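Here's the letter readout for the chains.
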Amino acid sequence: MYQVKQIFGLITVALVACTTLTSCKKNLFDAELTKEALKLTFHNDVVDPNHTWCLLDDETVNVTANVEDVKRIEILSVNPYDSQGKSVELMAKRDVTENERVSMTYSVPQANDSVYVAAVTADGSYRVVAIEPGVETVDFTTINTKNSGTLTTPVLQEVFYCYCNTFPQPSATWSFTDCVMTLSKEVINAQTLRIYVTLAALGSTTQTAAALRLDGIKYSDVESITISNNNTFNNNGNVRRTIIRDEALGLQGQDGSFVINLFDDGHLAFNAKADDAGIIARYFINITHNTDETHKEYSPVTVSYDVKFKKSNAAYSVSFGHMDPFILYYFNSNVWEVHKYAYKFKETLYSYYSDSPSSYDSGFTWALEVPYKEFRYPLQGISMGSYKNGVIYGAYQKPYHSFGEWGADMTVARDWYLYPSLNVY
């Protein structure tokens, strides 16, 4: 049996040999060696072979707004009259008239036993009904949850996207902090969806680009895209773009999908310094509170994009399930992409699988989608979590609520992100 370092070295050599060739044939890529390296370097001795690495489900409910003077329907993560200090996240909303019946799509964390459907009246009061995720119809005839007391104002649902930028190689730490972004969204009108993208951290000094593909949305479905908050991820327009060379906000993916061009170099969002040759000063950003010559702390940067669709009501149908934010980086003279697991094999702006994506079907993920506004990602060098020889380690290590246990069995510990240790940023 190879030792971990020996396996890691062998797989690196194999991948370098494969990806530097003009045409990398399937038999030049050792899939079994890759899987062995991943098993030895990943911080679990058992990984669920059927794992979807998904924590968020899309659901649809038909709501009858049978409340006097109702103005809109909201779907909430927590009862706003009984929040117990938690953020009340707004998962969907729709303007309605009294007794109107509307279909609403929302994205709910798998850890949630309930969601809360609220009829909001003209005076701002809420009438709230609790339902289980997946219930298909609801109205407000019977109230089954608390409807009095102090009202917590809902805030937009926010989802974290955390990446390792080593694919197809194993990560050195599996901390998923090489790039950390968050997404939230709101419907401005029936045709316009506003998407907020926040770059929170860069745990790598490697140039990292990013884009956002809208799954199921064709490039031809979108009338326009604009930035609504006059902000930018590129604070130095003199630096030449090298990964996403096109400056257009809206791009067409290789599958014809609509893609939002986020940034060509994430470090420019925080620090615009570059020398006369265009070399950018790169730091590890927001992954430790100890700042020095290589580690810095900056305020996260948010850019909001207004996507206007050609069809009316299209803005209501885009869920987080349709959101495919991905990072891009150079690996051995080619650009590779890292998508969340559901879209792992989507070659959106670049081709790099050499017509053999199944060779990279290892069952591992290099991206996590975490549906929790208060999520705290690991400090530098700390794994998200591990479960080896019956012992739990990492940033999320609470027994029965740990990342490692979820990795071993996707049906358990789906609320792991609610239980951070002290080793988080």
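Before reading on, note that the structure itself is shown above.
Now for a description of the structure that goes with this document.

What counts and what doesn't
- Residues numbered from 1 in each chain as written.
- Predicted model: local features only at pLDDT ≥ 70, side-chain atom pairs only at ≥ 80, totals over all residues.
- Heavy atoms only, no water.
- Helix = DSSP H or I, 4+ residues; strand = E, 2+ residues; numbered from the N terminus.
- Rg over C-alpha atoms; globule rule 2.2 N^0.38 Å.
- Buried < 20%, exposed > 50% of the residue type's maximum accessible area, 1.4 Å probe, protein only.
- Contact = heavy atoms within 4.5 Å.
- Areas by Shrake-Rupley, 256 points an atom, 1.4 Å probe, with all protein chains shown as cover.
- Lys, Arg positive; Asp, Glu negative; His and termini not counted.
- Charge placed at Lys NZ, Arg CZ, Asp CG, Glu CD.
- Core = buried A, V, L, I, M, F, W, Y, C linked by side-chain atoms within 4.5 Å.
- Phe/Tyr/Trp six-rings, centres within 6.5 Å; stacked < 30°, edge-to-face > 60°.
- Lys NZ or Arg CZ within 6 Å of the ring centre and 35° of its normal.
- Polar contact = N/O pair within 3.5 Å; in protein donor to acceptor, adjacent residues only side chain to side chain.
- Pairing = 2+ DSSP bridges.
- Axes fitted to C-alpha atoms, helices over the stretch in contact; angles between N-to-C directions.
- Disulfide = S-S within 2.5 Å.
- Salt bridge = Lys/Arg side-chain N within 4 Å of Asp/Glu carboxyl O.
- Patch = residues over 30% accessible without salt bridge, like charges linked within 9 Å, V, L, I, M, F, W, Y side chains within 5 Å.

In this section: the overall build of the chain. Along the backbone of the chain there are four helices and 23 strands. Here the chain has a C-alpha radius of gyration of 22 Å; the compact-globule value for 425 residues is 22 Å, and the two agree. Overall, the C-alpha framework of the chain stretches about 70 × 50 × 45 Å when taken along its three principal axes. Going through the 425 residues of the chain one by one, you find that 52% of them count as buried. Taking the contacts inside the chain whose residues are at least 6 apart along the sequence as the reference set, 68% of them involve residues at least 24 apart. Of the roughly 18700 Å² that the chain leaves accessible, carbon and sulfur atoms contribute 46%. Across the chain, the mean location of the 34 positive side-chain charges is 2 Å away from that of the 48 negative side-chain charges.

So, on to the nonpolar core. With 89 residues, the main nonpolar core has Phe375, Phe403 and Trp416 as its most contacted residues. Contacts of Trp416, omitting those with residues within four sequence positions, involve Leu55, Val370, Phe375, Met384, Tyr396, His401, Ser402, Phe403 and Trp406. Ranked by size, the runner-up nonpolar core spans 21 residues in total, among them Val63, Val70, Met91 and Tyr106.

For the rest of this paragraph, the subject is the packing of aromatic side chains. The tally for this structure, following the rule as stated, stands at 30 aromatic pairs. On the numbers, 5.4 Å between centres and 70° between planes, the contact of Phe160 with Phe375 is edge-to-face. With Phe160 in strand β9 (residues 158-163) and Phe375 in the loop between β21 (367-370) and β22 (386-388), this residue pair connects regions lying 215 residues apart in the sequence. Sitting above the plane of the Tyr316 ring, Arg94 keeps its charged end 3.8 Å from the centroid. Geometry around Tyr343 places Arg213 over its ring, the cationic atom sitting 4.7 Å from the centre.

Within the secondary structure, Arg213 is located in strand β12 (residues 209-218). Classification of Arg213 by relative accessible area gives buried; the value is 1%. A distance of 3.5 Å separates the side chain of Arg213 from the side chain of Asp255, its partner in a polar contact. Here the side chain of Arg213 touches Asp324 through a polar contact of 2.9 Å, side chain to side chain. Apart from residues no more than four positions distant in its own chain, Arg213 is found in contact with Asp255, Ser257, Phe258, Val259, His322, Met323, Asp324, Phe326, Tyr343, Lys346 and Thr348.

This part covers the sheet that holds strand β20 (residues 334-338). The antiparallel open sheet is built from five strands, whose spatial order is β14-β15-β12-β19-β20. Where the open sheet ends on each side, the last strands, each with one partner, are β14 (250-252) and β20. Within the sheet, the average angular offset between the axes of one strand and its neighbour, ignoring direction, is 35°. As paired elements, β12 and strand β19 (residues 323-331) share six bridges and run antiparallel to each other. Bridged to Ala210 within β19 is Ile327.

Time to look at the sheet that holds β9. Read across the sheet, six strands follow the order β13-β18-β11-β10-β9-β21 without closing on themselves; strand pairing throughout is antiparallel. Looking along the sheet, the strands with just one partner apiece sit at the ends: β13 (222-227) and β21. Between one strand axis and the next, the sheet turns by 20° as a mean value, whatever way the strands run. Sheet analysis places strand β10 (residues 179-189) next to strand β11 (residues 192-201), joined by nine bridges and oriented antiparallel. Its bridge partner lying in β11, Asn189 is registered against Thr192.

Right, let's get into the side chain of Glu369. Considering the arrangement of structural elements, one finds Glu369 in strand β21. Of note is the side chain of Glu369, whose polar atom sits 2.7 Å from the side chain of Tyr161. Within polar-contact distance, the side chain of Glu369 engages the side chain of Lys340 at 2.8 Å.

Attention now moves to the state of the cysteines. Per the counting criterion, the structure on display carries zero disulfides. Just so you know, Cys54 is unpaired, no disulfide at all, and the nearest cysteine sulfur is the one on Cys162, 14 Å from it. Overall, Cys54 belongs to the partly exposed group, its relative accessible area being 22%.

Two side chains carrying opposite charge are able to pair once their charged atoms lie near each other. The full count for this structure, using the stated rule, is ten salt bridges. Here Arg72 makes a salt bridge to Glu74, at a shortest N to O gap of 2.7 Å. The closest approach of N and O atoms between Asp215 and Arg213, which form a salt bridge, is 2.9 Å. Each member of the pair, Asp215 together with Arg213, is buried. Among the charged side chains, a salt-bridge network with shared partners connects Arg213, Asp215, Asp255, Asp324 and Lys346.

On to a negative patch on the surface. Together, Glu68, Asp69, Glu98 and Asp123 give the surface a local cluster of negative charge. Here Glu98 lies in the loop between β3 (89-95) and β4 (101-109). Judged by its relative accessible area of 44%, Glu98 is partly exposed.

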